[in-house]
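# A closer look at the structure
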Amino acid sequence: MDGFEKIYSEYYDIVFGYICSLCRDEQWAEEITQEAFLKALKSIDSFRGECKLNVWLCQIAKNTFFTAAKGRQRQANCPPEQLSAGESIDQKIADRETARQIHRLLHGLEEPYKEVFWMRTFGELSFKEIAALFGKTESWARVTYHRAKIKLQEGVQ
């Protein structure tokens, strides 16, 4: 257990910062981070060392976040009065369909394109931060992001 306490204290700020950048809610990020470390503790024996430990922990945290976000989304109800008056229901449906199409395309991207695109677009991480998570250069992060963006644009058209 002492070893995991060291891991927790060493990587907590990185994981918490990453989750904060995804959800923009410090309380929720705290919950997600705690849950992610609990999951990591339970599965530490499955860590094979194929990537850096902080990348593995952030991957667990990201998956935990997306699972929690899906749960929150299912619980949220959008009453009709919340629809903006300036936008028609047809436009909202078209926008939602485009978003679904992009979401499907994004999930179809191979790694590391998908991960880098998520981190940059939704996590709003800098290229430097992304590069550090992958143990690569900032140029690698930029190129990977732009290639992912091109692949998505080709799929939408």
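Before any of the text, the structure's been laid out above.
### Some remarks on the overall build of the protein
- What the protein contains, in helices and strands, is seven helices and zero strands.
- In the protein, the order of α-helices and β-strands from amino to carboxyl end is α-α-α-α-α-α-α.
- Within the span of the protein, comprising 157 residues, buried residues form 32% of the whole.
- By sequence separation, contacts in the protein at least 24 residues apart represent 60% of the contacts at least 6 residues apart.
- Just so you have it, the protein exposes about 10300 Å², and 52% of that area is on carbon and sulfur atoms.

### Let's talk about the layout of surface pockets
- Its boundaries defined by the atoms lining it, the second largest pocket holds a volume of some 160 Å³.
- In this structure, the second largest pocket is lined by Tyr18, Cys51, Val55, Trp56, Cys58, Gln59, Glu111, Glu115, Met119, Leu133 and Phe134.
- At the level of secondary structure, the elements contributing two or more residues to the lining of the second largest pocket comprise α3 (53–75), α5 (113–121) and α6 (127–134).
- At four residues, the largest contribution of residues to the lining of the second largest pocket is made by α3.
- Here the lining of the second largest pocket is composed, by residue class, of eight nonpolar, one polar and two charged.

### Here we look at the packing of α5 against α6
- Viewed as axis vectors pointing N to C, α5 and α6 meet at an angle of 140°, and their least axial separation amounts to 10 Å. Between α5 and α6, the interaxial angle falls into the category oblique. Judged by the sense of rotation from one axis to the other, the crossing of α5 with α6 is right-handed. Counted together, Glu115, Val116, Met119 and Arg120 of α5 and Phe127, Ile130, Leu133 and Phe134 of α6 form the full contact between these two elements.
- Residue classes in the contact of α5 with α6 are distributed as six nonpolar, no polar and two charged.

Definitions and cut-offs
Residues numbered from 1 in each chain as written. Predicted model: local features only at pLDDT ≥ 70, side-chain atom pairs only at ≥ 80, totals over all residues. Heavy atoms only, no water. Helix = DSSP H or I, 4+ residues; strand = E, 2+ residues; numbered from the N terminus. Buried < 20%, exposed > 50% of the residue type's maximum accessible area, 1.4 Å probe, protein only. Contact = heavy atoms within 4.5 Å. Areas by Shrake-Rupley, 256 points an atom, 1.4 Å probe, with all protein chains shown as cover. 1 Å grid on protein atoms, 1.4 Å probe; cavity = no way out; pocket = protein on both sides within 12 Å on 5 of 7 lines; lining within 4 Å. Points joined across faces, edges and corners; volume = space filled by probe spheres on them. Nonpolar A, V, L, I, M, F, W, Y, C, P; charged D, E, K, R; others polar. Axes fitted to C-alpha atoms, helices over the stretch in contact; angles between N-to-C directions. Parallel < 35°, antiparallel > 145°, perpendicular 65-115°, else oblique. Left-handed = near helix turned anticlockwise from the far one by under 90°.

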